Each structure stands twice: as C-alpha cells, then as structure tokens.
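Secondary and tertiary structure notes
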Amino acid sequence: MQGPLIDTLARYGVSRRSFLKYCATLASMMALPPSAGRAMAEAMAAAPAAAKRPSVIWLPFQECTGCTESITRSHSPSIEGMIFDMVSLDYQETLMAAAGHQAEEALHNAMKENEGKYLLIVDGSVPLGLDGAYSCIAGKSNLEALKEVAKGAAAIVAMGSCAAYGGIPKANPNPTGAVSVSDVIKDKPIINIPGCPPIPVVMTGVLAHFLTFGSLPEMDKLGRPKAFYGETIHDRCYRRPFYDQGKFAKTFDDEGARKGWCLFELGCKGPVTYNACATVKWNGGTSWPVESGHGCLGCSEPDFWDGGGFYKALSMPADPLKVVAGAVAVGAAAGVAVSFANRAKKSGAKGGHETTTLADLEK
Amino acid sequence: MNEMQFLTWVRGTGLNIAVGIFLLGVIWRLIEIYSLGRKKDLSAPRNVPGASGWHTVFRRSMPPKDMGMVKKSPVSYIGGYVFHIGLAVVVFLFAPHIKFIESVVGLSWPGLPSQFVDLVAVITIAAMVVVLADRINKPVKRYLSTFEDWFTWTVTFLPVLTGWMAVQHLLLPYTTMLALHILSVEILLVVLPFTKLFHAFTVWGSRYYNGAVNGHKGVAV
Amino acid sequence: MSATLEKGVRVLKEVIDAPIASYFNSCVHCGLCAEACLFYTETGDPKYTPIHKLEPLRRVYEQEYTLLGRLKKLAGLSKPVTDAELGEWQELVYNSCTLCGRCSVVCPVGNDIVYMVRKLREGMSASGNAPDGIKGAVNRTVTIGSPMGVKLPAVKAQMKHVEEDYGIPIPLDAEGAEYMVMLSSMEIINFPEYLGAIAKIMQQAGKTWTLCSTAFEATNAGMQIGNSDLARVIVSRIVDGAEKLKVKTVISPECGHAYTALRWEGANLIGRPFTFQVKHIIEVLGEFQEQGLLKTEGFETDKLTFHDPCQLARRGGVIQPQRNLMKMVAKNFVEMPDPGFINWCCGGGGGASAIEEGEELRIEAFKKKKSQLDAVKPDRLVTACANCRIVLEEGLEHYQMDIPVVGLTEMIAEHIPEKGA
C-alpha cells in the first residue's frame, strides 16, 4: 500500500502497519465487516496528495470552539489529525490562515468548485431570535449562511451537541432562540455527532466512512451513528457491577468514591446517555469522566443542560416538594368541605326521621 | 418531544402534578371517609385480651385461623401475598427507588442487590398475571369485577412491567422506558385515591373498626 | 302503609357512618367472603357473595357521601337505587343472610360485612322491602308481645305446669331478685323443659330469680328485620321490667338473636347504658360452674356434639363455657369440624327462619351442617339456641338424619340431683 498519506504518516512516525490496524479498529468500532478496514485504508491511502481532495466546509455558529479543540488537540500527533489531511478543509475559521475577505472568498470558491459534492460540517447552534442577529459572520446571520452553504452540500455533519440538538445555547430560557441544524435544513442527509465535545474518533470514523463509501453510516433515530451511540454509558461502564450490587458513592470523597463505586447517586446520567466514552475513552484512551471520578453529564443527549441538575441522581425528581404544601392544603380544604356537606346531609336525614311504626313496614 | 424532554417532563412537571393530585386526593378522601364518624357503643364491653381494633389491624394480615381459607382460595392468598410483598420489595428496596424517596423525604435505608430485586420483579409480574387469570376464571371474582377492577390491575401492573423492562433494556431504549415507567407510576398515583386502590390507606381503618366493634364484645376477630 | 323508597334512602343516609365508608373503600373484590358464606358454598351461585348483598348500600354511600359520587349523580352518570332493585335485593339481604358474621371474620381488608347488612336492613324495612315472614313476627311481637303470639296467660299456664312437674315455685314479678329470666316464645310453646331447668338450677345455686309479667319475651324481631325504632319498642319492655323489678342481671334465654338484641344492641337502641347486666344463660351456667354452685351427677354416654349458635359464639364472645358444661355431663363429647368461633350457621338465623319463601334455599344451605354432622356422626346434637334447634330439626328431618337436638341448659338440669334425694 503506497500513497501520499502513507508517506505523510511515515514522516510523523506512524507505520503503515499501525495505520492498517487503526483502520481495522475503526471499521470494527463502526460494526463494519473486517474487509471494510482494508478498503478504508486503501481508499484513504490512495487519495492523491496534490490532486483534488474532497472539499470540506466547516461553519462555526453559536459555539465555544470546544469541538474544534477536541478534534485538533485531543492527542498529537494523531492518526485522527491525519485524516484531515485526506480532505481539503477549505473553510474553518479557527484553523485557517486566511481572514476577512480572503476567507469569504475561499468559502465561495469552495462552494462553487465543489457544488453538490462538498461535505458541510457545522458546529454551534443557529439562533433564530432577532432575525438571527445574535450571531453573524461577514454581515450574514448564521441562518442565512447555513441555508446558503447547505444548498450545495452532499451531506451535513452536525458536530457537537449544539449543532446536533441546540446544546447549551438552547438551554432554558434559550434567549437567542437557538435551534439545531436539523431544525433548519430538511432536505439534506444530516448526521449528528453530539457530545460536548464529541469524541474525536467518532468524527474521524464518520469521515472515513464518507470517504470510503461516499455515504453516511447507519444512524439511530436521533440521527447519530449507531456504531458509536448504540449503547448507554451505563451498559458499558466498568463501574456497572457496583451498581448491580447496590454499592454507591454518596459523596465525591467518601470511601465508596475512593473504592470506585457507582456514581449513580452523585448524579451520573450514564443510564440515559448513549455514547462511546466508556469504550473509546478520551485523550488517546487515557481515561474518561467516570474513570476520573465524576458522573456522566449526559452531554450527547438532547437538552442535557435542562435535565434537572448534574449532581441529582437520575431517579430523583426535579422538585416535587414544592407542590406538597399546596396539595395538602387543597386536599384538606376539599375534605373538610365535603365533610361539612356530609354532616349536614346526615343530620338532615336524622332530622327527617319519622319513628317507624308497624304500619310503616308496608308499602 | 424527544426522549430526554419526555423524561425531563415526567421527572419534573409530570411528577409534580401526580404527587400533587395524589396528596390532595389522599387527604381529601381520608377526611371525607373518616369524618362521617360513628356512634359510641353504649353496651357494657366484655374485655378479652387480644380483642381490639389494634389487634385486628395486625392479625388480619394472616389468613383466619383454622378456617381452611388458603385451601379454598389458594390463588387469592398465595398470589396476593406474593404480589403485595413483591411490590413492597421492588418499590422500597430497589436502590434507585430508595434514592428517590431519600430525595423527597430525606429518609434512606439499605437496598437489596439489583439482581435480587430483578428476580422479585419477575415473580411479582408472574403473580399479578396469575391473580388476573384467577379473576377471569373464578365465577365469584368475575361476577364482582367491574371496569374499575380491570383498570386498577392495569395501572398497578404497568409500573412493575415498565420498570423491569427499563432495567432489562427490553423493547424500547432505556431513556424512553424509564420515562414510561415514571409516567406509569404517576398514573398510579393519580388514580390511587379515587379507586379501590385506596384500600392501601383505608385497610387499616377498616381492620381497626372491625376489630374494635367485635373486640367490644370480647370477640377477637 | 307508608313505606317508601325515599324513607328507605333517608334511613340509609342516617345509618351510613365512617366504618361503612371505610369498608366500601377497602373492598378489592377478592371474593373471599363468598367462601365463608354457606349460601354461596352450598349453591355455588356468585350472587350470594356477601359483599354483593350490599350493592344498594354501597351506591347510596357513594352517591350521597363522596364528592365524586355526588358529581356523578348530578351529571346523571350513576344509577339511582330504585324500589324495584331493593325488592330484588330482599332475597340477598334477608333470605340468604343469617347475620352469622363469618364473612366479617375472613375479609382480608377487615370489612365487617355483617355490620353493613344489619344497617342495610334499616333501609330495606323502611322502604317496605322486608320479607312478609319477618314483618309478621315483628307485628305479633309489638302488638301481642311475642313473635309466636304467646301472651301472659300462656306463660302462666306453663309456669303452673312446671311448678307441678318439678315441685319448685316459679317466681313472677319478684322485686329485688338477683336474676330476671327471659324466655323465647319457642321455649314457652315447644320447649317448656327450659323453664323447669332454670328452676332447678337456680334452686341448687341458691339464687333469687324471677319472671316478669310485662317482659317475658326476649326475642327481638325488630332487630332481625333491621328496624331500630321497632327494636327499641321491644327492648324497652325488658329494660322497663328489669328496672321496675330492680334486678341485677337479666338472663337471655337460649336464643342467639335475643342475646345480641339485649346484650349488644339494647343500650344503643334506648340511647343509654343499662343499669343491669345482661348475660346469656350459658354464661350464667358457666359462672355457677366456676363458683361451684352447679353440681351434677352422672354422665350422658352417647356420642354428643355441640352446635355453636353464631350470635352466642362468633358474634357474642361466649365459646368456652358451653364446652366446659358439655364436659361436665357428657363422657363422649366430640367437636364438629369448624367448631366454636368459626362454626357454620344452622342457616336460619337473623330472621331467615321466619321467611317462608326462603325455605328451599335454607334446606340447600343446610348441606353444610349436614357435612359437619356426617364427619362426626353424633347420636345427639346439643345446642344453646331455640331457633337453631328448630332449624336444625327441620334440616335433619329433610335429609332424613336421625339425630335428636337438645338444649344444653335442659341437659345440664337433668343431671342436677333431685333435692333431698
């Protein structure tokens, strides 16, 4: 297997062998047949270095750059990073050298040259409030920009929870009227890669799939790649046995916490969160939130910010006590009212009592 | 509404509404029932140890002595015990439930291993199905049954079934099933004060009255 | 001629109380009460399920005393109780219920079902839906003085017979006597030996006693029909008599319902505690036995068993004394299956024996007693209730079982040595 990518990788000290292994792992993670790993490696390796690479346009909206950070800085030098060498990242505000009119020009050129073929990656949510005035680039609202760029895209990747589901900008009370990409664009294939931020390998896996097969991988009903979001954190969590035994850390510094018991009671949202953190981990497989002693926040789920509190156990109600006093008062009032009515009725019945005589036994 | 919004609603607004109606209903119904009062018994009492309202409150939890009732209606007794005790175990000794109760009233106690609770849930489900079959099969039960009997069976059964299915990850994604589970509990809470399920509260009063009225005569019922 | 549905419903509204409300809210339709009721066990007809017999009362409760029921009634969503329906329920509330109280003992949620049947009868009688047989008995008790139409001269005639036969004077209207002895008309007409037995027992015990000319009849058909006003009229005669004669204790005869009417309902009917005690003759005999005032000689040697009257045992709390008395005079006393507290009714209590049209059902229900007796095969059957005795005799005759029925008091008296002998 030869090609510009292999050469580049070699320069970074990544052998051909480890590249193949990486592709095989990626394929298996995405539940593809073993042969797909090789196909993937070949497709990527064969991509010409100087010739035209698939164009990718990355639009940032209401976002924090965390997603970009996640991808680019996760662990370096990385094979993940290399994947970006496979594509022509024609517009990415944070990474690109160009600025101002130059940048805009790059964007429009890329759109024109690759019409109908480019991949659009979006991070950040789209504000609809005040006609989109909350977030503008080059005098255009995010909504306008998204519609314009989406028109010629082959597919759209909603990167991170904001683009996928509205994320933190959409959190109650959602002052900017933030919505997700799929709320705006209805006529293009969209894949969501939620997470705050998303796991790098998920991103590269989806890209690799797109490069190899020219299509998006299989998705769940929330538009996420099934391969990575098929199971809950809880199901794959190495602390799961403690949950089953009923062993829970009660505070972040008690004995249970030190012994690595289940963090359910400390608010872990693992049971309702679909993501691959428990298996893929972060920072090159170093660790992940639960392993570091903190419960899952559920960041890859819609509206995770409004889930009732990160440190409130999942089984806990939001705040039912606030209705107690009112309910008890109303119940007591109703009860007392009925009891007065009942007593009146009963004494009426008593008052109307006519002593029964023998004649009164007959109709 | 997506799954998480559904779950958030049932844990928040939905639960508030359900708990509100439940408490309101329980208090209203208890006052409505017990404020009717009763006349003082003027006959001279016969005092016999063991014959009192309080004795009957406890004694009636067991089948009557020597009457062969268990043999006559084994499903009612065995099925009844299994599903009542099963419900109590599942509701009060499952760790996430304890956590829930703790968050509401601040009381907590040790739970049972979830595998054991799971087994109890399966047994409880089985017992409830058997009890339902008995209601369909036994002429007396069928004769007495009204819409309310089938309805209350269903609203009691659903929380157990959905809870078990959520834990087992059956049929629907966990989040959806958990939300359905909480929703089914909310329906149960709303329905309880206004149906025969209210026996959970009045059973103690009923036993007390029966025990007191007969205890006055020196009869330990 | 003025009983109406309105009156019946009004009376029901009057008698519904917290226990009834609690009971109806507790019922889970488990149907276990059916298994305790001999009218169900012997016929297999689910309409005889005890709690079902209370359906009209339950509906009145729900429609009148619950908020939701009131709203449902206003919206026309609930069926009002009709006169025809009460008429239909007559069979369930009277013919097929002897107020034996077994259902109240088995109900797992603790419902006192018989308590409610008693209350429903208030409404049934006020709406004119009581059976003719019991109405007749009430009529005779109130107008003549006894359900069987017995008047004082008949009692006096019996007194004279007994005095002659036993050579013991029978005191009448003796002021200041310790005991005032009551009779049931069945004892006056059918079982005069009872009066003789009392005379012998009292003589041996050295107690003063008396009959009362204005209150000799103990039975209370007013309670059986379920009408407190009429029951009060009847019980007041006894209270007046006992207070006039200043007796310490009134002795209820061998009659279950007379005992319940006097001992447990009496004070509540007249609205004040009694100034005297009320005891069943079996309780008195039991006390005499304990105090050594009752001495017998000789034993019955044939196989005897004892039928516990429901109102004496399960509903009255007297269970052990009759057994001690049996053992005193019987060598071969065996218990039936389900004895004492859980005994099965003869099938004719609670006024049921007065209902002619209920006879067929009564005979059917007697199969329960028959099976109990078949298990023991006694030579004779002893009991302590004249009504049980009549019903048992009828049932035994129908099933051609040759088992004589005797009263316990008489049997005890037969073993009291003749004075001076």
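The next subject is the overall build of chain B. When helices and strands are counted, chain B shows eleven helices and zero strands. When the helices and strands of chain B are placed in sequence order, the string is α-α-α-α-α-α-α-α-α-α-α. Seen through its C-alpha atoms, chain B measures out along the principal axes to roughly 65 × 40 × 35 Å.

Quick look at the overall build of chain A now. The number of helices and strands found in chain A is 16 helices and nine strands. Its C-alpha atoms give chain A a radius of gyration of 29 Å, more than 25% over the compact-globule value 21 Å for 363 residues. Along the first, second and third principal axes, the C-alpha set of chain A runs to 115 × 50 × 45 Å. Within chain A, buried positions represent 44% of all 363 residues. Contacts spanning at least 24 positions in sequence make up 71% of the contacts within chain A whose residues lie at least 6 apart.

So, about the environment of A:Glu93. Residue and element names in this part refer to chain A. With respect to the element layout, glutamate 93 can be found in the loop between β2 (88–92) and α6 (100–113). Along the sequence, glutamate 93 and proline 60 sit 33 residues apart, while their C-alpha atoms lie 7.4 Å from each other. Once you skip the residues sitting within four places of it in the chain, glutamate 93 turns out to touch Pro60 and Ala103.

This part is about the interface of chain B and chain A. Taken together, the contact between chain B and chain A spans 37 residues of the former and 37 residues of the latter. Secondary-structure elements contributing two or more residues to the side of chain B that touches chain A are α1 (3–11), α2 (13–34), α6 (95–105), α7 (114–137) and α10 (174–191) of chain B. Looking at side-chain class alone, the side of chain B that touches chain A contains 20 nonpolar, 14 polar and three charged residues.

All names here are of chain A. Domain parsing of chain A yields domain 1 (50–227) and domain 2 (233–306). Summarising the inter-unit geometry, the C-alpha centres of domain 1 and domain 2 are found 29 Å apart. On the domain 2 side, the residues contacting the 15 residues of domain 1 number 14 residues. Contributions of two or more residues to the side of domain 1 that touches domain 2 are made by α8 (160–165) and α10 (200–213). A class-by-class count of the residues in the side of domain 1 that touches domain 2 yields nine nonpolar, five polar and one charged.

Judged by nonpolar contacts, the single largest core of 290 residues is most densely connected at A:Ile57, A:Leu120, A:Val122, A:Ile156, A:Ala158, C:Cys33 and C:Met180. Top contributing element to this core by residue count: α2(B), with 13 residues.

Turning to the interface of chain B and chain C, a few remarks are in order. With 46 residues of chain B at the contact, the number on the chain C side is 46 residues. Listing elements by their share of the side of chain B that touches chain C, those giving two or more residues are α2, α4 (69–72), α8 (139–144) and α11 (199–215) of chain B. When residues of the side of chain B that touches chain C are assigned to their parent elements, the largest contribution, nine residues, is made by α11(B).

Turning to the packing of helix α5 (residues 74–93) of chain B against α7(B), a few remarks are in order. Residues and elements named next belong to chain B. Two elements in contact, α5 and α7, have axes separated by 8 Å at closest approach and are oriented at 145°. Crossing of α5 over α7 shows left-handed handedness. Counted together, Val75, Ser76, Gly79, Gly80, Val82, Phe83, Gly86, Leu87, Val89, Val90 and Leu93 of α5 and Val117, Val120, Ala121, Ile123, Thr124, Ala127, Met128, Val130, Val131 and Asp134 of α7 form the full contact between these two elements. Classifying every residue of the contact of α5 with α7 by side-chain character gives 15 nonpolar, five polar and one charged.

Next up on the list: the packing of helix α10 (residues 132–143) of chain C against helix α15 (residues 228–245) of chain C. Residues and elements named next belong to chain C. Close contact between α10 and α15 brings their axes to 10 Å; oriented N to C, the two are set at 40°. Viewed along their axes, α10 and α15 adopt a mutual orientation that is oblique. Regarding α10 and α15, the two cross each other, and that crossing is left-handed. Within the contact between the two elements, α10 uses Val138, Thr141 and Val142 and α15 uses Leu230, Val233 and Ile234. When its residues are assigned to classes, the contact of α10 with α15 shows five nonpolar, one polar and no charged.

Residue and element names in this part refer to chain A. Burial of strand β3 (residues 118–123) is extensive: six of the six residues sit out of reach of the surface. Alternating residues of β3 divide into Tyr118, Leu120 and Val122 and Leu119, Ile121 and Asp123, and every residue in both groups is buried. Pairing of strand β1 (residues 55–60) with β3 involves five bridges; the strand directions are parallel. When the bridges of β3 are listed, proline 60 appears paired with aspartate 123.

To continue, consider the sheet that holds strand β5 (residues 300–307) of chain C. All names here are of chain C. Across the sheet, which stays open at both edges, the four strands sit in the order β6-β5-β7-β8 with parallel pairing between neighbours. Both edges of this open sheet fall to β6 (330–333) and β8 (405–407), since each of them pairs with a single strand only. Neighbour to neighbour, the strand axes of the sheet diverge by 45° on average, direction disregarded. Where β5 lies against β6, three bridges are found, and the strand directions are parallel. Residue pairing across strands places glutamate 300 opposite alanine 330, the latter belonging to β6.

Looking now at unusual backbone geometry. A negative phi angle is the norm for most residues apart from glycine, just as the trans form is the norm for most peptide bonds. The omega torsion of the bond from A:Asn172 to A:Pro173 falls at 5°, within 30 degrees of zero and hence cis. By the secondary structure assignment, A:Pro173 is in the loop between α8 and β8 (178–179). The phi dihedral of C:Asp173 is positive, around 55°, even though this residue is not glycine. Note on placement: C:Asp173 falls in the loop between α11 (152–166) and β1 (179–181). Even without being glycine, C:Asp338 reaches a positive phi, approximately 55°. With respect to the helices, strands and loops of the structure, C:Asp338 is situated in the loop between β6 and α19 (359–376).

In a beta sheet, neighbouring strands pair by backbone hydrogen bonds and run either parallel or antiparallel. Residues and elements named next belong to chain C. Strand order in the open sheet made by the four strands is β2-β1-β3-β4, with parallel pairing throughout. Looking at the sheet topology across the chains shown, the edges are occupied by β2 (209–210) and β4 (277–280). Pairing of β1 with β2, which is carried by two bridges, proceeds in the parallel orientation. Paired with methionine 180 across the bridge in β2 is threonine 210. In the packing of helix α16 (residues 256–270) onto the sheet, the strands contacted are β3 (249–252) and β4, and the crossing angle to β3 comes to about 145°.

What follows concerns the environment of C:Leu92. All names here are of chain C. By the secondary structure assignment, leucine 92 is in helix α7 (residues 83–95). Judged by C-beta crowding, with 21 C-beta atoms within 10 Å, leucine 92 ranks as buried. For the pair formed by leucine 92 and phenylalanine 39, sequence separation is 53 residues and the distance between their alpha carbons is 9.7 Å. With residues near it in sequence (within four places) discarded, leucine 92 still touches Lys47 and Lys53.

Residues and elements named next belong to chain B. Here helix α9 (residues 147–168) spans 31 Å end to end across 22 residues, near enough to the 32 Å set by a 1.5 Å rise per residue. Where α9 bends most, at phenylalanine 157, the angle is about 25°, and the proline proline 159 comes one to four residues later. What α9 keeps buried is the set Thr152, Pro159, Val160, Leu161, Thr162, Gly163, Trp164, Ala166 and Val167. Where α9 is buried, its residues touch α5, α7 and α10.

Attention now goes to helix α9 (residues 113–126) of chain C. Residue and element names in this part refer to chain C. Between its terminal C-alpha atoms α9 stretches 20 Å, which fits the 20 Å expected from 14 residues at 1.5 Å a residue. Along α9, 14 of the 14 residues are buried, which leaves the element largely enclosed by surrounding structure. Glycine 128 lies just past α9 and shows a positive phi near 75°.

Cut-offs applied
- Residues numbered from 1 in each chain as written.
- Chains lettered and ligands numbered in written order.
- Predicted model: local features only at pLDDT ≥ 70, side-chain atom pairs only at ≥ 80, totals over all residues.
- Helix = DSSP H or I, 4+ residues; strand = E, 2+ residues; numbered from the N terminus.
- Rg over C-alpha atoms; globule rule 2.2 N^0.38 Å.
- Buried ≥ 20, exposed ≤ 12 C-beta atoms within 10 Å, placed from the backbone.
- Contact = placed C-beta atoms within 7 Å.
- Nonpolar A, V, L, I, M, F, W, Y, C, P; charged D, E, K, R; others polar.
- Domains from an automatic or database assignment.
- Core = buried A, V, L, I, M, F, W, Y, C linked by C-beta atoms within 7 Å.
- Axes fitted to C-alpha atoms, helices over the stretch in contact; angles between N-to-C directions.
- Left-handed = near helix turned anticlockwise from the far one by under 90°.
- Parallel < 35°, antiparallel > 145°, perpendicular 65-115°, else oblique.
- Pairing = 2+ DSSP bridges.
- Expected span 1.5 Å × (residues − 1).
- Bend = angle between axes of the 7 residues up to and from the residue.

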